[in-house]
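Architecture and fold: a report
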Amino acid sequence: MIRRPVAWVVAVVLLAEALGVAMLNWLMGNLVDAQNMSLAGLDPDAMSMSSKIGGVVFGLYFALCALVAVLVAVRDRQPAGLGRVLLVSAAVVHGLLAAVAWALIGRPQFVFMVVMLALIVLLL
C-alpha cells in the first residue's frame with residue numbers, strides 16, 4: 001500500500017515537469033525567433049522550430065511517464081513492460097539532469113532532481 005502515495009506524488013510532479021519543460025522550450029524558441037539569433041551559422045528558423053518540437057516531445061514524454069505513475073497508483077501494482085521501461089528511462093534522465101544541475105545551475109535544482117530520481121526509484 002505504500003506505493004499509492006508515492007505514485008500520486010510522482011505523477012503530479014512529472015506532470016508539472018512536463019508542462020514546465022514544454023513551456024520553457026517554447027519560450028526559448030520564441031526568443032530565438034524574435035531576436036533572429038544564430039549559433040555557428042545555423043538557420044534561426046530551424047533552431048526555433050527544433051526547440052519548440054523538442055519541448056513538446058520532452059513534455060509528452062514526461063506526461064506519459066506521469067500516466068504510468070497514475071496507472072501504478074490506481075492498480076496498486078508495480079509497472080511492467082513499456083511502463084517500467086519508461087520509468088527507468090525517466091530515472092536515468094533525472095540522474096543526468098541532476099549532474100548537469102550540480103555543474104551548471106545550482107544546488108536547489110540538483111536536490112530537486114535527486115529527490116525526483118529517488119521517488120521514481122521508490123515507485124519502481
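Everything numeric here is computed off the predicted structure, so don't read it as measured data.

The rules behind these values
- Residue positions within a chain follow its written sequence, with the count starting from 1.
- With pLDDT at 70 or above as the cut-off, local features in this predicted model cover only qualifying residues; side-chain atom pairs require 80 or more to be listed or tallied, and sums for whole chains, interfaces and linings still use all residues.
- The basis for every side-chain value is the complete set of heavy atoms in the structure, and neither hydrogens nor water enter the calculation.
- Only DSSP runs of H or I with at least four residues qualify as helices, and only runs of E with at least two residues qualify as strands; both kinds are numbered from the N terminus onward.
- The buried label applies to any residue whose accessible area, calculated with a 1.4 Å probe on protein chains only, is under 20% of its type's maximum; exposed applies above 50%, and partly exposed to all values in between.
- Identification of polar contacts relies on pairs of N or O atoms within 3.5 Å, with a donor-acceptor requirement for protein atoms, meaning one able to donate a hydrogen and the other able to accept it, and with residues adjacent in sequence counted only if both atoms are side-chain atoms.
- Contact between two residues is taken to exist if any of their heavy atoms lie within 4.5 Å; hydrogens are not considered.
- Here, the term nonpolar core denotes a set of buried Ala, Val, Leu, Ile, Met, Phe, Trp, Tyr and Cys residues that are joined through side-chain atoms within 4.5 Å.
- A pocket, in this scheme, is an open set of points on a 1 Å grid over the protein atoms alone with protein on both sides within 12 Å along at least 5 of 7 lines, while a cavity is a set where a 1.4 Å probe fits but cannot get out; residues line either one if an atom lies within 4 Å of a point.
- Grid points are joined across faces, edges and corners, and a volume is the space filled by probe spheres set on the points.
- A helix is expected to reach a length of 1.5 Å times the quantity of its residues less one.
- Any two of the Phe, Tyr and Trp rings considered here, Trp counted by its six-membered ring, make a pair once their centres fall within 6.5 Å; the pair's planes then place it as stacked at under 30 degrees, edge-to-face at over 60, or tilted in between.
- A ring is scored as having a charge over it whenever the NZ atom of a lysine or the CZ atom of an arginine sits within 6 Å of its centre and within 35 degrees of its normal.

**Here we look at the side chain of His 94**
Its place among the elements puts His 94 in helix H3 (residues 82-105). A relative accessible area of 0% means that His 94 is categorised as buried. A distance of 2.9 Å separates a polar atom in the side chain of His 94 from a polar atom in the side chain of Glu 17. In this structure, His 94 is in contact with Leu 14, Glu 17, Phe 62, Met 113, Met 116, Leu 117 and Ile 120, ignoring residues within four places of it in sequence.

**Quick look at the nonpolar core**
Residues Val 10, Leu 14, Tyr 61, Cys 65, Leu 87, Ile 120 and Leu 123 are the most contacted members of the largest nonpolar core, which totals 23 residues. Elements with a minimum of two residues in this core: helix H1 (3-35), helix H2 (44-75), H3 and helix H4 (107-123). With eight residues, the top contributor of residues to this core is H2. Look past the residues within four positions of Ile 120 in its chain and what remains in contact with it is Val 10, Leu 87, Ala 90, Ala 91 and His 94.

**Observations concerning the layout of surface pockets**
In this structure, the largest pocket encloses a volume near 230 Å³. Lining the largest pocket are Ala 16, Glu 17, Gly 20, Val 21, Leu 24, Asn 25, Phe 58, Leu 97, Phe 112 and Met 113. At the level of elements, H1 and H4 are the ones that each hand at least two residues to the lining of the largest pocket. In terms of residues, the lining of the largest pocket owes the most to one element, H1, which gives six residues.

**Details of H3**
Taking 1.5 Å of rise per residue, the 24 residues of H3 would be expected to cover 34 Å, and the 32 Å separating its terminal C-alpha atoms lies within 8% of that figure. One or two residues past the end of H3 sits Gly 106, with phi positive at roughly 155°.

**Points about the packing of aromatic side chains**
For the structure on display, the rule yields four aromatic pairs. When the centroid spacing of 4.8 Å and the interplanar angle of 55° are considered together, the rings of Phe 58 and Phe 62 count as tilted. Placement of the pair is Phe 58 and Phe 62 together in helix H2, with a separation of four residues, close to one helical turn. Ring geometry for Tyr 61 against Phe 62: centres 5.5 Å apart, planes inclined by 35°, an arrangement best described as tilted. Of the residues examined, Tyr 61 reaches a relative accessible area of 19% and is grouped as buried. Look at Phe 62 and you get buried, because its relative accessible area is 0%. Aromatic ring contacts, followed pair by pair, group Phe 58, Tyr 61 and Phe 62 into a single cluster. Taking NZ or CZ as reference, Lys 52 lies 5.0 Å from the ring centre of Trp 26, over its face.

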